[in-house]
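# Architecture and fold: a report
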Amino acid sequence: MPYRLKKGVYAVRCRYPHCTFNTRLEVDTVIMGMTEEDVEAEAMKMAKGMAMVKHDSLHGRRHPLLNPEIRRVAGYNQPIPVSTGWADPIGVPQR
Ligand SMILES: [Zn+2]
């Protein structure tokens, strides 16, 4: 069953020594996947991208955000009901 991320909030922390960057980001983009792991991986990528922009505006001249610690602090994966009839589910990425 496919899943989509609902109200995902991610905490991202920079691992660079003495860097104070530690932020929470709301991933409000629609993220869907065929498994919960897919959704999680995609959401992590999204959170990392957003964090990089934010980090670079603050600390980018000193060091890049290379290997941040990312974890979910809120949100859940909502199962998307798949119709077994004639119609394909709308908006579910086919892989
Ligand atoms: Zn940093």
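What counts, and at which threshold
Residues numbered from 1 in each chain as written. Predicted model: local features only at pLDDT ≥ 70, side-chain atom pairs only at ≥ 80, totals over all residues. Helix = DSSP H or I, 4+ residues; strand = E, 2+ residues; numbered from the N terminus. Buried ≥ 20, exposed ≤ 12 C-beta atoms within 10 Å, placed from the backbone. Pairing = 2+ DSSP bridges. Core = buried A, V, L, I, M, F, W, Y, C linked by C-beta atoms within 7 Å. Contact = placed C-beta atoms within 7 Å. Expected span 1.5 Å × (residues − 1). pLDDT = per-residue confidence, 0-100.

With that out of the way, let us pick up the overall build of the chain. Looking only at helices and strands, one finds one helix and four strands in the chain. Listing each helix as α and each strand as β along the chain from the N terminus yields β-β-β-α-β. Residue burial in the chain is summarised as follows: out of 95 residues, 20% are buried.

Apart from glycine, the bulk of residues carry a negative phi angle, and the bulk of peptide bonds sit in the trans form. A positive phi angle is found at Lys7, which is not glycine, with a value near 50°. Assignment of secondary structure puts Lys7 in strand E1 (residues 3-13). The exposure class of Lys7 is exposed, given the 11 C-beta atoms found within 10 Å. Although it is not a glycine, His18 adopts a positive phi angle of roughly 70°.

What follows deals with the pairing of E1. Pairing analysis gives two bridges linking E1 to strand E3 (residues 32-33), with the strands arranged antiparallel. Each residue of the ladder has a partner; that of Tyr3, found in E3, is Gly33. Bridge count for E1 against strand E4 (residues 69-79) is nine bridges, and the pairing is antiparallel. Residue pairing for E4: Ala11 is matched across the bridge by Arg71.

Tyr10, Leu25, Val27, Ala43 and Ala47 are the most contacted members of the largest nonpolar core, which has 13 residues in total. Mapped onto this core, the elements with two or more residues apiece are E1, strand E2 (22-27) and helix H1 (36-59). Those residues in contact with Leu25, other than ones at most four positions away along the chain, are Tyr10, Val12, Ala47, Met50 and Ala51.

To continue, consider H1. Compared with an ideal rise of 1.5 Å per residue, which puts 24 residues at 34 Å, H1 spans 33 Å between its outermost C-alpha atoms and is within 8% of the ideal. Within H1, burial applies to Val39, Ala43, Ala47, Ala51 and His55.

The next point concerns the confidence of the model for the chain. Summing up the model confidence of the chain, the mean pLDDT is 90 and the portion of residues at 70 or higher is 87%. Mean pLDDT values for the elements of the chain range from 95 in E3 up to 97 in E1.

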